[in-house]
Amino acid sequence: MVLSSDVMFQKRILLRDKTEISLEQLTGKERAREFQLFINKLILERAYLIHSKQFSLAEEKKWFAKEIAGNRKGTNIYLKALFRGKLVGSCSAMRGIGKESGNAELGIAIAKGWRGKGLGKVMLKEMIGLAKRRWKARNIHLSVFEKNKRARKLYASVGFREIARLPGWIDHHGERMGKLILVLKK
Ligand SMILES: CC(C)(COP(=O)(O)OP(=O)(O)OC[C@H]1O[C@@H](n2cnc3c(N)ncnc32)[C@H](O)[C@@H]1OP(=O)(O)O)[C@@H](O)C(=O)NCCC(=O)NCCS
């Protein structure tokens, strides 16, 4: 079956250091175990993510089934970044529901060792393009821990601006920190 790029996104990109990466939407053929390892590594390194504990394989399978269903229905978009078939980055978008269906919320995580090479920026830009084309998204937004300087720099560089600041919102391993809501400038 031939799928147009807007049904099943797939693209090869070159990073700054000329490494070739494949950006692909979920197909449903992936192994939940790989995603479990990917997210659990981020949780272990105490990355500035919302999750507070590692995921079991059963939990990850449940998440994966939901994500696949959302991608098929068109309510979610999940892009994976692969280097020689190995998962090195992920970017997700969730369409708002009902009266908020003109909005899209994004999330992103790049594996340690793959950061600072431009991958986050490319994935974010591709996802913004997809959310605009598929959903005609008017408000593209995300949230970020105040202390996540690297992510904030990336978001600012693609055109996000802060619209709200929630002080002391997060308990990051015992440290209270604020959360910022950012929206992409129109
Ligand atoms: C935040 C994150 C997604 C950035 O992805 P990345 O692939 O490292 O970012 P890029 O290499 O595309 O860099 C994009 C911009 O981020 C900034 N940046 C990248 N590396 C940086 C570093 N080491 N220090 C400070 N800023 C940095 C730069 O402004 C860069 O723009 P430039 O290359 O035009 O100067 C990644 O670090 C990550 O996944 N971190 C852990 C999980 C996380 O924090 N996710 C975001 C939750 S809101």
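Residues numbered from 1 in each chain as written. Predicted model: local features only at pLDDT ≥ 70, side-chain atom pairs only at ≥ 80, totals over all residues. Heavy atoms only, no water.

## Concerning the packing of helix α3 (residues 119–135) against helix α4 (residues 149–158)
Alright, step 1. The contact between α3 and α4 brings their axes to 10 Å, and the two run at 45°. Comparing the axis directions of α3 and α4 gives the class oblique. In this structure, α3 crosses over α4, and the sense of that crossing is right-handed. In contact with Gly120, Lys121, Leu124, Lys125 and Ile128 of α3, α4 contributes Leu154, Tyr155, Ser157 and Val158.
Alright, step 2. In the contact of α3 with α4, the residues fall into five nonpolar, two polar and two charged. (Axes fitted to C-alpha atoms, helices over the stretch in contact; angles between N-to-C directions. Helix = DSSP H or I, 4+ residues; strand = E, 2+ residues; numbered from the N terminus. Parallel < 35°, antiparallel > 145°, perpendicular 65-115°, else oblique. Left-handed = near helix turned anticlockwise from the far one by under 90°. Contact = heavy atoms within 4.5 Å. Nonpolar A, V, L, I, M, F, W, Y, C, P; charged D, E, K, R; others polar.)

## Let's talk about the site of the ligand
Alright, step 1. The environment of the ligand is formed by 22 residues, the closest being Arg16, Ile110, Gly118, Gly120 and Arg150.
Alright, step 2. Take Arg150: an N or O atom from its side chain is 2.7 Å from a nitrogen atom of the ligand.
Alright, step 3. Elements that contribute at least two residues to the shell around the ligand include exactly β5 (103–110), α3, β6 (139–145) and α4.
Alright, step 4. Of all the elements, α4 adds the most residues to the shell around the ligand, at five residues.
Alright, step 5. The residue inventory of the shell around the ligand, partitioned by class, reads eleven nonpolar, five polar and six charged. (Near = heavy atom within 4 Å. Polar contact = N/O pair within 3.5 Å; in protein donor to acceptor, adjacent residues only side chain to side chain.)

## Section: α4
In an α-helix, one turn spans 3.6 residues; hence positions three or four apart end up facing the same way.
Alright, step 1. Of all the positions in α4, only Ala151, Leu154, Tyr155 and Val158 are classed as buried. Buried positions in α4, seen along its axis, are confined to an arc of 95° and lie on one side of it. Projecting away from the buried face of α4 at angles above 90 degrees are the exposed residues Lys149 and Lys153.
Alright, step 2. Packing partners of the buried residues in α4 comprise β5, α3, β6, β7 (160–172) and β8 (175–184).
Alright, step 3. Immediately beyond the C-terminal end of α4, within one or two residues, lies Gly159, with a positive phi of roughly 110°. (Buried < 20%, exposed > 50% of the residue type's maximum accessible area, 1.4 Å probe, protein only. Arc of directions from axis to C-beta.)

## Thoughts on the packing of aromatic side chains
Alright, step 1. Throughout the structure, instances matching the rule amount to eight aromatic pairs.
Alright, step 2. Relative to Tyr78, the ring of Phe35 has its centre 5.8 Å away and its plane inclined at 65°; by these criteria the two rings are edge-to-face. Taken together, the residues span a long stretch of sequence, with Phe35 in helix α1 (residues 32–44) and Tyr78 in strand β3 (residues 76–83) at a distance of 43 residues.
Alright, step 3. Here the aromatic cluster, defined as three or more aromatic residues joined through ring pairs, consists of Phe35, Trp63, Phe64 and Tyr78.
Alright, step 4. Residue placement shows Lys117 over the ring face of Trp114; its charged tip is 5.4 Å from the ring centre. (Phe/Tyr/Trp six-rings, centres within 6.5 Å; stacked < 30°, edge-to-face > 60°. Lys NZ or Arg CZ within 6 Å of the ring centre and 35° of its normal.)

## Quick notes on the pairing of strand β1 (residues 10–14)
Along a regular strand, successive side chains alternate from one face of the sheet to the other.
Alright, step 1. In this sheet, strand β2 (residues 20–25) lies alongside β1 in antiparallel orientation, the contact comprising five bridges. Paired with Arg12 across the strands is Ser22, a residue of β2.
Alright, step 2. The antiparallel hairpin formed by β1 and β2 contains five residues in its connecting segment, where Lys18 sits at a positive phi of about 75°. (Pairing = 2+ DSSP bridges.)

## Re the sheet that holds β8
Alright, step 1. Pairing within the open sheet is mixed, and its eight strands lie in the order β1-β2-β3-β4-β5-β6-β8-β7. Each having just a single partner strand, β1 and β7 make up the two edges of the open sheet. Taken pair by pair, the neighbouring strands of this sheet meet at an average axis angle of 20°, ignoring direction.
Alright, step 2. When strand β4 (residues 86–95) meets β5, the two strands line up antiparallel, connected through seven bridges. When the sheet's bridge partners are listed, Ser92 is paired in β5 with Gly107.
Alright, step 3. Along the sheet, α1 makes contact with β3, β4 and β5, crossing β4 at roughly 85°.
Alright, step 4. Contacts from α3 reach β1, β2, β3, β4, β5, β6, β7 and β8 within the one sheet, and its direction differs from that of β3 by about 150°.

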